[in-house]
Structures are given as C-alpha cells and as structure tokens.
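A structural walkthrough
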Amino acid sequence: TAIETTTSVVPDATAQYFVQAGAFKNEANGNQLQKRIQSLELGENVGVANVYNNGLYRVKLGPYVSKAEADMSAANIRRQLNTAAHVTN
C-alpha cells in the first residue's frame, strides 16, 4: 500500500519565513502568478503555493530558513515582477 506523505513542515523553535508575492480575489490570477514565479525559477529550493485564506488567494513562497533569505527573495520578486512582495511568518 502507498504511504501518503505531506509537505507540511513541523514547526520547531526557529521561526519560519514566507514571501507573499501577491493576493487576489480571483483564483485564476493567483494561479497565473504562481506559474510565472515557477517559470522564472524565483522560488528556488522552496515551495510556491496559491493558498486561499480570509477571502483572498495568496501566492506564497517558503518556508525560508532566515529572514535575510526571505528578504532577498522578496526583493528579487519585486524587481522582476513589479509586485508588492513582502515577508510574512
């Protein structure tokens, strides 16, 4: 039998940081941004997800191991995609 695995990360004592690249009321817009980030390889070594939360589809990258790494990724996304990417945790 196949064992189902999840990609969730068990939280520990270290904080985890994510980059929110955009938030949309329309799921298709979030999916489009997610595909664009993946095609430009802006989410290297992290997951890229379009997550529905509190009425909006949020395109998030992460988790990053440090705030500095997340800040660099957010700056790179802002520069290449002209979005208001920001770091969350």
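This one's a predicted model, so the numbers in the text were calculated from it and none came from an experiment.

Looking at the nonpolar core
- Within the largest apolar cluster, 16 residues are counted, with the highest numbers of intra-cluster contacts made by V19, A21, I37, L61, Y64 and I77.
- Of all elements in the fold, only β1 (17-24), α1 (27-39), β3 (56-64) and α2 (67-81) reach the threshold of two or more residues within this core.
- Here this core takes 4 residues from α2, the largest share from any one element.
- With residues near it in sequence (within four places) discarded, V19 still touches V59, K60, L61, Y64, A70, S73, A74, I77, A85, H86 and V87.

Things to note about unusual backbone geometry
- Of the consecutive residues G62 and P63, the connecting peptide bond is found in the cis state with omega at 0°.
- In this structure, P63 sits in strand β3.
- Phi is positive for N45, which is not a glycine, with a value near 65°.
- Tracing the sequence through the fold places N45 in the loop between α1 and β2 (47-53).
- You can call N45 exposed: its relative accessible area is 80%.
- Non-glycine residue N82 carries a positive phi angle of around 55°.
- Looking at N82, the relative accessible area reads 72%, which means it is exposed.

Notes on the pattern of salt bridges
- Counted by the stated rule, this structure contains 1 salt bridge.
- Across the salt bridge formed by D71 and K67, the nearest N and O atoms sit 3.2 Å from each other. On the criterion of helical spacing, the pair formed by D71 and K67 is a turn pair, its members being 4 residues apart in helix α2.
- On the accessibility criterion, D71 (32% relative accessible area) is partly exposed.
- Of the residues examined, K67 reaches a relative accessible area of 42% and is grouped as partly exposed.

About the cut-offs
Residues numbered from 1 in each chain as written. Predicted model: local features only at pLDDT ≥ 70, side-chain atom pairs only at ≥ 80, totals over all residues. Heavy atoms only, no water. Core = buried A, V, L, I, M, F, W, Y, C linked by side-chain atoms within 4.5 Å. Buried < 20%, exposed > 50% of the residue type's maximum accessible area, 1.4 Å probe, protein only. Helix = DSSP H or I, 4+ residues; strand = E, 2+ residues; numbered from the N terminus. Contact = heavy atoms within 4.5 Å. Salt bridge = Lys/Arg side-chain N within 4 Å of Asp/Glu carboxyl O.

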